[in-house]
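Per-entry structural report
Chain by chain, the residues run as shown.
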Amino acid sequence: MPYPTDRDRDRPWVMRTYAGHSSAAASNELYRRNLAKGQTGLSVAFDLPTQTGYDADHPLARGEVGKVGVPIAHIGDMRRLFDGIPLAEANTSMTINAPAMWLLALYVTVAEEQAGQAGEGVRAKLAGTTQNDIIKEYLSRGTYIFPPAPSLRLITDVIVWTVHNVPKWNPINICSYHLQEAGATPTQEVAYALCTAIAVLDAVRDSGQVDAADMAKVVGRISFFVNAGVRFVEEMCKMRAFTRLWDEITRERYGVTDAKARRLRYGVQVNSLGLTEAQPENNVQRIVLEMLAVSLSRDARARAIQLPAWNEALGLPRPWDQQWALRMQQVLAYETDLLEYEDIFDGSHVIESKVDEIITGAREEIARVQELGGAVAAVESGYMKSQLVSSLAEYRRAVESGERTVVGVNSFDTTEPSPLQAEGAKAIETVDATVEKQAVAALEAWRQQRDNAAVAEALAALKQAAATTANLFEPTLACARAGVTTGEWSGALREVFGEYRAPTGVSAAAMAGEASDLSRVRLRVKQAGDELGERLRILVGKPGLDGHSNGAEQVAVRARDVGFEVIYQGIRLTPAQIVAAAVQEGVHVVGLSVLSGSHLEVVPEVVDGLRAAGAGDIPVIVGGIIPAEDARLLTERGVARVFTPKDYELTQIMDEIVTVVRETHGL
């Protein structure tokens, strides 16, 4: 994440994210356009195969390539992405986690090629950020590869290498953003993000690769990326609490005496999953209020702000929609006087009381996690994940019961037709289906023209180093220069570190209350089971590389609460694996959750696979951000029901699933 200089610290950095651009060439053109205007902060979102360490031709990558970001498979792709853009003059934010070391190695290599020199000269000029926060991936986003311990080692090695070699680089951007989307309360968001920071800083300190005197340099390069929800006062107080606790931890635990190094440097993206499909025009005012919550309090003001587009609950935003979000920031920064005063909340007893409440709760939760052995142990035990699943379940219960109002969804839902969604309007961006085929063909051509002997030698050296305690960045640089691909780099480390499947948190989530609707559906589930002579079973599946598991987990929890036997194996499954599990478990219905836009590719494969396995009578339902036209196509392909964000009442969804089962069996 690019950060302004100290003299600009009171003005949020205006930045645009380029999510949705499916090729290096498209993104490069946008970068060039902004570079010509003097806007040198670049933001690169890598797509799912890259994020999870797969090449475009891997079976799990089907339907994912180029949907929401730029697919980067090797040094050739990185050269093309930044062709004509002098990296020594840019400030680049890379939204990348599990393969952060790999993508940074490609970036550094391209920068050195551009400068015609390797080593200190150009490296000292490079500025930017790698997100590189793997802890939150186990809890929310799902783009992890390896078990927590080796993943933490990769993070540590990146931090150490950059502190010694690329001093202007922010090697980790601890990301609580997805924690809130996974259900975190403000207290949990602060606590779990700081627990991650403690785990990372402890690992760096204990690695012996950084002198104690240099820990201030490490702390000074740590940044955060947080979420801003719509509860304005609460979100603002959260950031004031965050700022104070970070200062306290870095001073007392790590002995950092430099106040500037202890400053909480954070960027914000306001809550995307809080946007609604129903009356989506209301999302504009939600976005503005969420932006204000992290910009009004000068003493805890965001250093960078990203805003989603109004229509992200419908599908990929168009360039015009992204521009609208950018203009919101620019109006605040350049037209209003909101940034010209001292902190206008200082002295407010209401604000101080709420800040103290969050600080107290966060301290208690941090202590609880430390008692469990720290963030890594709390991931492996499933503690933090189950807490988030329970918190999100409580939020959904409050929305469904009407205790929490969501305008246009559970109240004030009468509406005039929206001109933004008028008939004939192309309300969302679509990605050309040929992008994936082109990426696969280009990957095959790359493998044929490179020096494969050099590739094999570099990969062998990487595996050899991984089996020791050596820093892995230099062997990774060697792989980048040799032409190794993303899938090959991660595959080599998989052989040494193994793969990992994180706890889902579903079994430990709190049970729902005894609402009347819940009791009624529970009775229907029991009656249908009695008529069939066995308990109803549902398989909840996450096909492909999409790691956004919140919806699947909440469906699994509610299905359990109404009496279904639930089979949920977590994320990252092929259609064939889902089919095999459905047949083996003898389920009565398969529910698929897809948020990455790959539904038209992977869902029909499950339907066809069940038919081929002689289980075509098992109905398939789908949930996710699915445009109306795509929903129609899925129905034509044999999907029994399609649910989208407007279907927010989970108990009603369960009721409809029972109806599907009864229809299928002629009950």
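Analysis parameters
Residues numbered from 1 in each chain as written. Predicted model: local features only at pLDDT ≥ 70, side-chain atom pairs only at ≥ 80, totals over all residues. Heavy atoms only, no water. Helix = DSSP H or I, 4+ residues; strand = E, 2+ residues; numbered from the N terminus. Rg over C-alpha atoms; globule rule 2.2 N^0.38 Å. Buried < 20%, exposed > 50% of the residue type's maximum accessible area, 1.4 Å probe, protein only. Contact = heavy atoms within 4.5 Å. Areas by Shrake-Rupley, 256 points an atom, 1.4 Å probe, with all protein chains shown as cover. Lys, Arg positive; Asp, Glu negative; His and termini not counted. Charge placed at Lys NZ, Arg CZ, Asp CG, Glu CD. Polar contact = N/O pair within 3.5 Å; in protein donor to acceptor, adjacent residues only side chain to side chain. pLDDT = per-residue confidence, 0-100. Phe/Tyr/Trp six-rings, centres within 6.5 Å; stacked < 30°, edge-to-face > 60°. Pairing = 2+ DSSP bridges. Core = buried A, V, L, I, M, F, W, Y, C linked by side-chain atoms within 4.5 Å. Axes fitted to C-alpha atoms, helices over the stretch in contact; angles between N-to-C directions. Left-handed = near helix turned anticlockwise from the far one by under 90°. Nonpolar A, V, L, I, M, F, W, Y, C, P; charged D, E, K, R; others polar. Salt bridge = Lys/Arg side-chain N within 4 Å of Asp/Glu carboxyl O. Disulfide = S-S within 2.5 Å.

Regarding the overall build of the chain
The secondary structure content of the chain amounts to 27 helices and 14 strands. Scaling as 2.2 N^0.38, a compact globule of 667 residues should have a C-alpha radius of gyration of about 26 Å, and the chain matches this with 24 Å. Each principal axis of the C-alpha atoms in the chain carries an extent, and together these give about 75 × 65 × 55 Å. Counting all 667 residues of the chain, 60% fall into the buried class. When contacts within the chain are restricted to residue pairs at least 6 apart in sequence, those whose partners lie at least 24 apart make up 80%. When the accessible area of the chain is evaluated, it comes to approximately 25400 Å², of which 51% is carbon and sulfur surface. Each charge sign in the chain was given a centre, from 67 positive and 86 negative side chains, and these centres are 2 Å apart.

Comments concerning the environment of D202
Note that D202 resides in helix α9 (residues 186-207). Judged by relative accessible area, which is 13%, D202 ranks as buried. Sequence spacing of D202 and T156 is 46 residues, and the spatial spacing of their C-alpha atoms is 9.5 Å. Excluding its chain neighbours within four sequence positions, the residues that come into contact with D202 are R253 and Y254. Looking at D202, its side chain comes within polar contact range of the side chain of Y254, at 2.7 Å.

Thoughts on the confidence of the model for the chain
Averaged over the chain, the pLDDT score is 88; the fraction of residues at 70 or greater is 91%. This model gives residues 1-27 a pLDDT under 50, and the stretch forms 95 contacts once residues within four places in sequence are excluded. Counting contacts from residues 35-39, a segment whose pLDDT is below 50, to residues more than four positions away or on other chains yields four contacts.

Points about the packing of aromatic side chains
Within a pair of aromatic rings, the relevant descriptors are the distance that separates the centres and the angle that separates the planes. Applying the stated criterion across every chain, the model contains 13 aromatic pairs. Between the aromatic rings of Y138 and Y500, the centroid separation amounts to 5.5 Å while the plane-to-plane angle is 85 degrees, which identifies the pairing as edge-to-face. You can see Y138 sitting in helix α6 (residues 135-141) and its partner Y500 sitting in the loop between α21 (486-497) and α22 (516-532), a full 362 residues away along the chain. A relative accessible area of 4% means that Y138 is categorised as buried.

Quick word on the pairing of strand β4 (residues 127-130)
Every second residue of β4 is oriented toward a common face, with A127 and T129 on one face and G128 and T130 on the other, all of them buried. Pairing geometry for strand β3 (residues 91-95) and β4, over four bridges, is parallel. By the bridge assignment for β4, M94 is matched with T130. With two bridges joining them, β4 and strand β5 (residues 169-170) adopt parallel strand pairing. When the sheet's bridge partners are listed, T129 is paired in β5 with N170.

Concerning the nonpolar core
Among the nonpolar cores identified, the biggest contains 165 residues, and F224, M384 and F564 are the most heavily contacted of them. In terms of residue count, the dominant contributor to this core is α9 (13 residues). L573, V590, L610 and V620 belong to the second-largest nonpolar core, a separate cluster that totals 24 residues.

Structural notes on the sheet that holds strand β14 (residues 641-643)
Spatially, β11-β10-β12-β13-β14 is the arrangement adopted by the five strands of the open sheet, whose pairing is parallel. Each of the sheet's edge strands pairs with one partner strand only, and the pair in question is β11 (565-568) and β14. Going from strand to strand, the sheet's axes swing by 20 degrees on average, the running direction of each strand aside. As defined by bridge partners, strand β10 (residues 537-541) adjoins β11 across four bridges and the pair is classed as parallel.

A look at the packing of helix α4 (residues 100-115) against helix α20 (residues 473-482)
Put simply, α4 and α20 touch, their axes get as near as 9 Å, and they point 60 degrees apart. The chirality of how α4 crosses α20 is right-handed. Facing M101, W102, L104, A105, L106, V108, T109 and E112 of α4, the residues of α20 in contact are F473, T476, L477, C479, A480 and R481. Classifying every residue of the contact of α4 with α20 by side-chain character gives 10 nonpolar, two polar and two charged.

A word on the pattern of salt bridges
Close approach of charged atoms allows side chains with opposite charge to pair. Within the structure shown, the criterion is met by 48 salt bridges. One salt bridge in this structure joins K354 and E357, with 3.2 Å as the shortest N-O distance. Of this pair, K354 and E357 both sit in helix α15 (residues 349-371), three residues apart, which is roughly one turn of that helix. On the basis of relative accessible area, E357 is assigned to the partly exposed category, the value being 49%.

Some words on unusual backbone geometry
Unusually for a residue other than glycine, Q279 sits at a positive phi of about 45 degrees. Mapping Q279 onto the fold places it in the loop between β8 (266-270) and α13 (282-293). Its relative accessible area of 12% is what places Q279 among the buried residues. Look at F412: it is not a glycine, yet its phi comes out positive at around 50 degrees. A residue is classified by how much of its surface remains accessible, and F412, at 60% relative accessible area, is exposed.

A few points about the side chain of Q131
If you trace the backbone, Q131 turns up in the loop between β4 and α6. For Q131, a relative accessible area of 5% translates into the label buried. Of note is the side chain of Q131, whose polar atom sits 3.1 Å from the side chain of K136.

Section: the state of the cysteines
Summed over the entire model, instances satisfying the criterion amount to zero disulfides. No disulfide involves C175; its sulfur sits 16 Å from that of C195, the nearest cysteine.

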